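Fold and geometry: a report
Okay, here's what each chain looks like letter by letter:
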Amino acid sequence: MGENTRFMFGRKVIYSDVAEVNASNVLDVLLKAETDHSKNRSEIDYLYKYYRGNQPIINRIKTIRPEINNKIVVNHANEIVSFKTGYLCGEPIQYVNRSSDETITDKINLLNEFMFSEDKSSQDEELVEWDMICGTAYRMVLPDSDAGAEPDEAPFEIYTLDPRDTFIVYSSDYKHQPLMGVSYWKDTNGMTHYNVYTDKLYFKIVNGQIVESMPHAYGMIPIFEYPANNARLGSFEIVLPLLDAINKIESNRLDGVEQTIQAFLKFINCEIDREQFEELKDLGAIKVKSIDGQNADVDVVKTELNQDQTQTLKKDIYDTVIVICGMPNRNGGSSTSDTGAAVIMRDGWSDAEARAKDSEHMFKRAEKKMLRLVLKICRDLSDIDLKLSDIDLKFTRRNYEAIQSKSQVLISMLQQDKIHPRLAFESSGLFIDPEAAYTMSMDYYEQEKLTAKSIPNPDEKKDDSIE
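Residues numbered from 1 in each chain as written. Predicted model: local features only at pLDDT ≥ 70, side-chain atom pairs only at ≥ 80, totals over all residues. Heavy atoms only, no water.

Considerations on the overall build of the protein
Stated precisely, the cut-off is as follows: Secondary structure elements follow DSSP: runs of H or I no shorter than four residues count as helices, runs of E no shorter than two count as strands, and numbering proceeds from the N terminus. Between two residues, a contact is recorded if the distance between any of their heavy atoms is within 4.5 Å. In this description, accessible areas are obtained by the Shrake-Rupley approach with a 1.4 Å probe, and a residue is regarded as covered only by the protein chains that are shown.
Scanning the protein for helices and strands turns up 13 helices and 13 strands. Counting contacts in the protein only where the partners sit at least 6 residues apart, residues at least 24 apart contribute 67% of the total. When the accessible surface of the protein is totalled, it reaches about 26,900 Å², and 50% of it is carbon and sulfur.

This is the structure in structure tokens:
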């Protein structure tokens, strides 16, 4: 990592002109793809190290007074990634029923249980973290090798892959369909092992040679890319120069403090030898004689750094960073009467919410591709028979904020005879899965009506006895 800022503009999508990848051309396609992937890998590794705190300021070289060379890392990159990851998927992502068929709800609940057994919530967090660091992430889905042995467990396995060791090659035509997915690793002898998947075939390639080739029944490539955006930009990548500037400002500020304390002494119209200078340092005072009757003086060479101006500059740069990245600012300490949604709308929280919704759409697009394979495995190896059109994804962040207002909306709509109760449950925003909440509530309501009818009214019984 050099001392200067490294400029990057997102990850490059890898394309190939071949119609399909097979045993006759897989090595050529892989070799050409490696060139583009190597550049992506270098940038991803740089961003990952930057996120961890290995930033250019660490290699700072100071030519003037090199003995005072502070290297301060203000790791706002970690702050940005941590906030966006936690804000987007701090709560588990849920699959819900988007159809009107109530029998599907139980199947979707079982699918959610499968995802829970695979610890998908933590894998989603890891996936989004990679997205925010380097602009792209990868997930692999394979059938469980022990499917059927444990009926309560998922018939599939989910893996979050390191984007430095994973890539997908897409077709160059206008459809840009994936041609092959590649995941690789190096053994202790330095040999590279490639696992290459097409929609029909699997290849194991070691040091440029195909050592294993077989068909598979997945019907698609089991490696799925989750791009953060179309440019595949990391969340802090677009503000790298500003983040490096903040590091330089903080380092120079501390240098300024030390250089003021450790300022040089200047001797005007007087001479002093080494022994006298050592005496000055020990005693804190010295007697000097003027030369040729000229006024003699001993003073300190110093230039104080204006800390107020420096702080203004740093704050301006940081404010620019959070605006560009869509982060909430830190101006909420003032006394206001804002509550609930008003707080969300001010101080940049509305921008954070807008960026999160944008990330949701990109995540859902990739998640649907992954679900096609998951549902196919479930149909083959379990009793779940679901279609992709039956399922919707719900991000559960901030679901219980302004809960009183949401409850009032639900009650008001339920009291209107011309509004279907299902619309009230869907529009209130109170429930993660409004369809399941509606079904459960209606069952409870009908049960309560039957219970009320079966209990005799004591007043009516009293009247009968009088007659």
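Read on for the rest.
Some remarks on the confidence of the model for the protein
Going by this rule: A residue's pLDDT is the confidence the predictor assigns to it, expressed on a 0 to 100 scale.
Averaged over all residues, the pLDDT of the protein equals 83, while 81% of them reach at least 70. Averaged pLDDT values over the elements of the protein bottom out at 54 in helix H13 (residues 458-466) and peak at 97 in strand E10 (residues 223-225).

What to know about the nonpolar core
So the rule is basically this: Among the buried residues, those of types Ala, Val, Leu, Ile, Met, Phe, Trp, Tyr and Cys that are joined through side-chain atoms within 4.5 Å form a nonpolar core. Under the scheme applied here, a residue whose accessible area is under 20% of the maximum for its type counts as buried, over 50% as exposed, and between as partly exposed, the area being computed with a 1.4 Å probe on protein chains only.
Counting residues in hydrophobic clusters, the biggest one holds 88 residues, and the most contacted among them are Leu-111, Phe-156 and Phe-236. When residues in this core are grouped by element, the largest group, 10 residues, is from helix H9 (residues 349-381). In this view, Phe-156 contacts Phe-114, Met-115, Glu-118, Val-141, Leu-142, Pro-143, Asp-144, Val-374, Ile-377 and Cys-378; residues no more than four positions away in its chain are not counted. Membership of the second largest hydrophobic core comes to seven residues, among which are Leu-410, Met-413, Ala-437 and Tyr-438.

A few points about the side chain of Arg-60
Selection rule: Any pair of N or O atoms that falls within 3.5 Å is considered a polar contact. Within protein, one atom must be able to donate a hydrogen and the other to accept it, and sequence-neighbouring residues count only if both atoms are side-chain atoms.
Mapped onto the secondary structure, Arg-60 falls in the loop between helix H1 (26-52) and helix H2 (76-89). In this structure Arg-60 comes out as buried when scored by relative accessible area, which is 10%. Of the polar contacts made by the side chain of Arg-60, one reaches the backbone oxygen of Asn-70; its length is 2.7 Å.

Here's the deal with the packing of H2 against helix H4 (residues 120-134)
Packed helices, taken two at a time, are described by the angle their axes make and the gap between the axes. Selection rule: To obtain an axis, a line is fitted to C-alpha atoms, over the contacting stretch when the element is a helix, and the angle between two such axes runs from 0 to 180 degrees between their N-to-C directions. When describing relative orientation, an angle under 35 degrees is termed roughly parallel and one over 145 degrees roughly antiparallel, while 65 to 115 degrees is termed roughly perpendicular and anything else oblique. Take the far helix as your reference; a near helix turned counterclockwise from it by less than a right angle gives a left-handed crossing, and one turned clockwise gives a right-handed crossing. Residue type decides the class: Asp, Glu, Lys and Arg count as charged, Ala, Val, Leu, Ile, Met, Phe, Trp, Tyr, Cys and Pro as nonpolar, and the leftover types, Gly among them, as polar.
Where H2 contacts H4, the two axes come as close as 9 Å, and the packing angle between them is 140°. The angle between the axes of H2 and H4 places the two elements in the oblique class. Two packed elements cross with a definite hand, and for H2 against H4 that hand is right-handed. Contact with H2, carried on its side by Val-81, Lys-84, Thr-85, Leu-88 and Cys-89, involves Asp-124, Glu-125, Val-128, Glu-129, Met-132 and Ile-133 of H4 and no other residues of that element. Of the residues that constitute the contact of H2 with H4, the class distribution is six nonpolar, one polar and four charged.

Notes on the sheet that holds strand E7 (residues 192-197)
Keep this limit in mind: Should DSSP find at least two bridges between two strands, the strands are taken to pair.
The strand order E1-E5-E6-E7-E8-E9 describes an open sheet built from six strands, whose pairing is mixed. Each having just a single partner strand, strand E1 (14-16) and strand E9 (209-215) make up the two edges of the open sheet. When the angles between neighbouring strand axes are averaged without regard to direction, this sheet yields 20°.

Topic: helix H7 (residues 307-325)
So the rule is basically this: Given the number of residues in a helix, its expected span is that number minus one, multiplied by 1.5 Å.
The end-to-end C-alpha separation of H7 is 27 Å, in line with the 27 Å expected for 19 residues at 1.5 Å each. Remark: Gly-326 follows H7 within two positions and exhibits a positive phi of approximately 70°.

Some thoughts on the packing of helix H3 (residues 103-117) against H9
One can describe the packing of H3 onto H9 by two numbers: an axis separation of 13 Å at closest approach and a directional angle of 105°. Classified by the angle their axes make, H3 and H9 are roughly perpendicular. When H3 is examined against H9, the residues Leu-111, Phe-114 and Met-115 are found in contact with a partner set consisting of Leu-371, Val-374, Leu-375 and Cys-378. Among the residues forming the contact of H3 with H9, the class breakdown is seven nonpolar, no polar and no charged.

Here's the deal with the environment of Asn-229
Relative to the assigned elements, Asn-229 resides in the loop between E10 and helix H5 (240-261). Residue Asn-229 is classed as partly exposed on the basis of its relative accessible area, which comes to 22%. In this view, Asn-229 contacts Gly-135 and Met-362; residues no more than four positions away in its chain are not counted. A polar side-chain atom of Asn-229 sits 2.8 Å from the main-chain amide nitrogen of Leu-233.

Quick word on the pairing of strand E13 (residues 391-394)
The side-chain alternation of E13 yields one buried face, formed by Ile-391 and Leu-393, and one unburied face, formed by Asp-392 and Lys-394. Pairing of strand E2 (residues 94-97) with E13 involves four bridges; the strand directions are antiparallel. Looking at the pairing, Val-96 lines up with Asp-392 of E13.

Remarks on the sheet that holds E10
As a general point, the strands of a sheet are linked pairwise by backbone hydrogen bonds and lie either parallel or antiparallel. Pairing within the open sheet is antiparallel, and its three strands lie in the order E4-E3-E10. At either margin of the open sheet sits one strand with a lone partner, and together these are strand E4 (156-161) and E10. Shown here is a sheet whose adjacent strand axes are inclined to one another by a mean of 25°, direction ignored. Judged from the three bridges that link them, strand E3 (residues 138-143) and E10 form a sheet pairing that is antiparallel. Residue pairing in the sheet places Arg-139 in a bridge with Phe-224 of E10. Those strands touched by H9 are E3, E4 and E10, and its axis lies near 10° from that of E3.

Observations concerning the packing of aromatic side chains
What counts is decided by this rule: Classification of ring pairs uses Phe, Tyr and Trp, with its six-membered ring standing for Trp, and accepts pairs whose centres are within 6.5 Å; under 30 degrees between planes counts as stacked, over 60 as edge-to-face, and the remaining range as tilted. Should the NZ of a Lys or the CZ of an Arg lie within 6 Å of a ring centre and within 35 degrees of the ring normal, that charge is described as sitting over the ring.
Across all of its chains, the model carries 11 aromatic pairs by this definition. Seen in terms of ring centroids, Phe-83 and Tyr-87 are 5.4 Å apart; in terms of plane orientation they differ by 15°. Their pairing is stacked. A residue pair is termed a helical-turn pair when its members lie 3 or 4 positions apart in one helix, as Phe-83 and Tyr-87 do in helix H2 at four residues. Owing to a relative accessible area of 11%, Tyr-87 belongs among the buried residues under this scheme. Between Phe-425 and Tyr-438 the ring centres are 5.8 Å apart and the planes differ by 75°, which places this aromatic pair in the edge-to-face class. Within this pair, whereas Phe-425 is found in helix H11 (residues 421-428), its partner Tyr-438 is found in helix H12 (residues 434-454), the two being separated by 13 residues in sequence. The ring of Tyr-46 has Arg-6 sitting right over it, with the charged end atom 5.1 Å from the ring centre.

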